[in-house]
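Breakdown of the fold
Letter by letter, the chains look like this.
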There are 2 protein chains.
Amino acid sequence: MTKKKEHLDCLNTVKPVRDALDVISGKWKLLIIISISVGNCRFTDIQESIPGITPRALAKELKDLEHHMLIKRLIVESYPIKISYTLDDYAKSLTPVIDALKDWGINHQKKLDGNKLIDSKEISS
Amino acid sequence: MTKKKEHLDCLNTVKPVRDALDVISGKWKLLIIISISVGNCRFTDIQESIPGITPRALAKELKDLEHHMLIKRLIVESYPIKISYTLDDYAKSLTPVIDALKDWGINHQKKLDGNKLIDSKEISS
DNA sequence: CCGTATCCTGCACGATACTG
DNA sequence: CAGTATCGTGCAGGATACGG
């Protein structure tokens, strides 16, 4: 059956897509990457730059991101202990993914907005 | 400050990215899109093509996907009622997104596998 | 055949307090 | 400063049964 083969090919797509989604989805991951990318490298700095995040959440997400090799954790001073988080070069490989998601998200939002305008002509600024 | 501006630009990225993730993340959405894309168009067919999915889950996801204009729901016969689900042309716009995620996911898995080998060597030594 | 209706469970995520 | 430790909660998703 050709259908079965096609189905299998598609499942070969689903797995890596899910792997990728696991890495970048979630409430904080992108925000943390962004915060580090603009120069925040200390735990407390990152925490203060992301309204609403708790130290528990930040610690967990930082570990995840480090495990996925998207950020690096460096001890820069042992007493008093100081840590520096930086983006790994590997994080750059995410650029096409982020861009594709961003472009589609913008376009999709426009499409949804267009639909809303049909219902109500209110435009919020 | 230029930092503040950069930070703002990045937040302008986060929102559409999250919008996009909301649409395609989740346990079943991609599988359903795939199932329909290979020719399954009846509720029961789709259900049987995706091992483990319950009617409740399928119904919910189909509604979401329809709301996001990725699939179309057509009543093809009123008694006994028969429904046909098809991919909306708009779903094609997701292709670059899926491809980017897939490529990155494949590459990332390779990278993790490579690292595992290093880790296990370090541990065993 | 195409779904709803109930009920249930796990886990992502939060609040708050505390420590080397 | 850079995190843990505890405790708590909401909600995505599951099991099972039933209805038009």
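The rules we used
- Residues numbered from 1 in each chain as written.
- Chains lettered and ligands numbered in written order.
- Predicted model: local features only at pLDDT ≥ 70, side-chain atom pairs only at ≥ 80, totals over all residues.
- Heavy atoms only, no water.
- Near = heavy atom within 4 Å.
- Polar contact = N/O pair within 3.5 Å; in protein donor to acceptor, adjacent residues only side chain to side chain.
- Helix = DSSP H or I, 4+ residues; strand = E, 2+ residues; numbered from the N terminus.
- Nonpolar A, V, L, I, M, F, W, Y, C, P; charged D, E, K, R; others polar.
- Contact = heavy atoms within 4.5 Å.
- Buried area = accessible area lost by both parts, 1.4 Å probe.
- Salt bridge = Lys/Arg side-chain N within 4 Å of Asp/Glu carboxyl O.
- pLDDT = per-residue confidence, 0-100.
- Expected span 1.5 Å × (residues − 1).
- Buried < 20%, exposed > 50% of the residue type's maximum accessible area, 1.4 Å probe, protein only.
- Arc of directions from axis to C-beta.

1. Description of the protein's contact with DNA strand C
- Surrounding DNA strand C, one finds 16 residues, the nearest of these being Lys27(A), Arg42(B), Lys63(B), Arg73(B) and Tyr85(B).
- Those atoms of DNA strand C that come within 4 Å of the protein belong to sugar or phosphate at a rate of 66%.
- In this structure, a phosphate oxygen belonging to DNA strand C sits 3.0 Å away from a side-chain N or O atom of Thr44(B).
- Breaking the surface near DNA strand C down by element, the ones donating at least two residues are helix H4 (55–67) of chain A together with helix H3 (43–49), helix H4 (55–67) and strand S2 (81–87) of chain B.
- Across the surface near DNA strand C, the residue classes tally to seven nonpolar, three polar and six charged.

2. Digging into the protein's contact with DNA strand D
- With respect to spatial proximity, 15 residues lie near DNA strand D, and among them Arg42(A), Lys63(A), Arg73(A), Tyr85(A) and Lys27(B) are the closest.
- Within the side chain of Arg42(A), one N or O atom sits 2.7 Å away from a phosphate oxygen of DNA strand D.
- At a separation of 2.5 Å, a phosphate oxygen of DNA strand D approaches a polar side-chain atom of Tyr85(A).
- Contributing elements (two or more residues each) for the surface near DNA strand D: helix H3 (43–49), H4 and strand S2 (81–87) of chain A together with H4 of chain B.
- For the surface near DNA strand D, the element with the highest residue contribution is H4(A), accounting for four residues.
- Its residues placed into classes, the surface near DNA strand D shows seven nonpolar, two polar and six charged.

3. Quick word on the interface of chain B and chain A
- Facing 49 residues of chain B, the contacting portion of chain A comprises 49 residues.
- For the pair chain B and chain A, the summed buried surface comes to about 4300 Å²; carbon and sulfur atoms form 73% of the total.
- On the chain B side of the interface with chain A, the three residues burying the most area are Tyr90(B), Leu101(B) and Trp104(B), jointly 16% of the side's total.
- Put simply, chain B and chain A have zero salt bridges between them.
- Counting every contact that joins chain B to chain A gives six residue pairs in polar contact (both at pLDDT 80 or more).
- Elements supplying a minimum of two residues to the side of chain B that touches chain A: helix H1 (2–24), helix H2 (29–37) and helix H5 (95–124) of chain B.
- A per-element tally of the side of chain B that touches chain A places H1(B) first, with 17 residues.

4. Notes on the confidence of the model for chain A
- Summing up the model confidence of chain A, the mean pLDDT is 89 and the portion of residues at 70 or higher is 88%.
- The element-level mean pLDDT for chain A is lowest in helix H1 (residues 2–24) of chain A, coming to 82, with H4(A) highest at 97.

5. With respect to H4(B)
Residue and element names in this part refer to chain B.
- With 13 residues, H4 should reach 18 Å at 1.5 Å per residue; the first-to-last C-alpha distance of 18 Å fits that figure.
- Those residues of H4 that fall on the buried side of the exposure criterion are Ala57, Leu58, Glu61, Leu62 and Leu65. End-on view of H4: buried residues confined to an arc of 125°, all on one side of the axis. Seen from the open side of H4, the exposed residues pointing more than 90 degrees away from its buried face are Arg56, Lys63 and His67.
- Packed against the buried residues of H4 are H2, H3, strand S1 (71–78) and S2.
- Met69 sits one or two residues past H4 and shows a positive phi near 65°.

6. What to know about unusual backbone geometry
Residue and element names in this part refer to chain A.
- Omega for the bond connecting Tyr79 with Pro80 falls within 30 degrees of zero, at -5°, which places this linkage in the cis form.
- Looking at the secondary structure, you find Pro80 in the loop between strand S1 (71–78) and S2.
- We note that Met69 has phi near 65°; this positive angle belongs to a residue other than glycine.
- Relative to the helices and strands, Met69 is located in the loop between H4 and S1.
- Residue class for Met69 comes out buried when judged on its relative accessible area of 12%.

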